[in-house]
Amino acid sequence: MAGTTSSKGTAVVSLPADDQILITREFNAPKHLVYRAWTTPELVAQFWSGHRGSMRSVEIDLRVGGRWRYVMAAGHGEMAFHGEFLEIVPNERIVNTEMFETPDAPGSDADAPVTTTTFSERDGRTTLTLLMQCGTKELRDTIIQSGMEIGMQEQMNLLEELAISLMG
């Protein structure tokens, strides 16, 4: 689609409850392409690290009970995240746990935040919403204070560029 432009830097972060983070972002691409980019390992590797590093590994077993794991190389070493898919409605919704891998991370996989990612489309544009249920205000605040928003904005901009490129 010639002339298709992105919506750079428009993700909105809000805190609807003491233990929740809500991210909303509109993309100038249909939801099946945003979903495809979000769930295909080779495509995730192209956007997930934003401009903060590069992806060393992207593993996605996209089924209920399946696991995912992303490893990113950055200037200060490696960061890894993993989780389990709890619910999948293709092109509509994914519910999964998300755990940051670090020796001093509080809790266990049983305490991992649960993220519901929803893909909705109107007039060829997709609204992506991520609602992270953190379990505690302390964990929510730790995530917010980690500087995640800068990287997330970069990630979302790259995701949109990638989804637009898939329209070919």
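In case you missed it, the structure is sitting above this.
Predicted model, so just to flag it, every value in this text is computed and none were measured. (Residues numbered from 1 in each chain as written. Predicted model: local features only at pLDDT ≥ 70, side-chain atom pairs only at ≥ 80, totals over all residues. Heavy atoms only, no water.)

## Structural notes on the overall build of the protein chain
Applicable threshold: Helix and strand definitions follow DSSP, with helices as H or I runs of at least four residues and strands as E runs of at least two, each counted in order from the N terminus. Should any heavy atoms of two residues lie within 4.5 Å, those residues are counted as being in contact. Here the accessible surface of atoms and residues is derived via Shrake-Rupley with a 1.4 Å probe, and residues count as covered only by protein chains that are part of the display.
Within the protein chain, the regular secondary structure consists of 4 helices and 9 strands. When the helices and strands of the protein chain are read in sequence order from the N terminus, they spell out β-β-α-α-β-β-β-β-β-β-β-α-α. Restricting to contacts in the protein chain with at least 6 residues of sequence separation, those with at least 24 account for 49%. For the protein chain, the accessible surface area stands at approximately 8600 Å², while carbon and sulfur atoms represent 52% of it.

## A look at the side chain of Thr97
The following threshold applies: To sort residues, take the accessible area from a 1.4 Å probe on protein chains only and compare it with the maximum for the residue type: under 20% means buried, over 50% means exposed, and anything in between is partly exposed.
Here Thr97 shows up in strand 6 (residues 93–97). The class of Thr97 is buried, set by a relative accessible area of 14%.

## Side note on the pattern of salt bridges
Close approach of charged atoms allows side chains with opposite charge to pair. What counts here: Here a salt bridge means any side-chain nitrogen of Lys or Arg lying within 4 Å of a carboxyl oxygen belonging to Asp or Glu.
Summed over the entire model, instances satisfying the criterion amount to 11 salt bridges. Here Arg125 makes a salt bridge to Glu26, at a shortest N to O gap of 2.4 Å. Residue Arg125 is found in strand 9 (residues 125–133), and its partner Glu26 is found in strand 2 (residues 20–27); the two are separated by 99 residues along the sequence. Residue classification places Arg125 among the partly exposed residues on the basis of a relative accessible area of 25%. Put simply, Glu78 and Arg56 hold a salt bridge, and the shortest N to O gap is 2.4 Å. Here Arg56 lies in strand 3 (residues 53–60) and Glu78 lies in strand 5 (residues 77–89), a separation of 22 residues in the sequence. Exposure remark for Arg56: the relative accessible area of 56% places this residue in the exposed category. Through salt bridges that share partners, Lys137, Arg140 and Asp141 make up one connected network.

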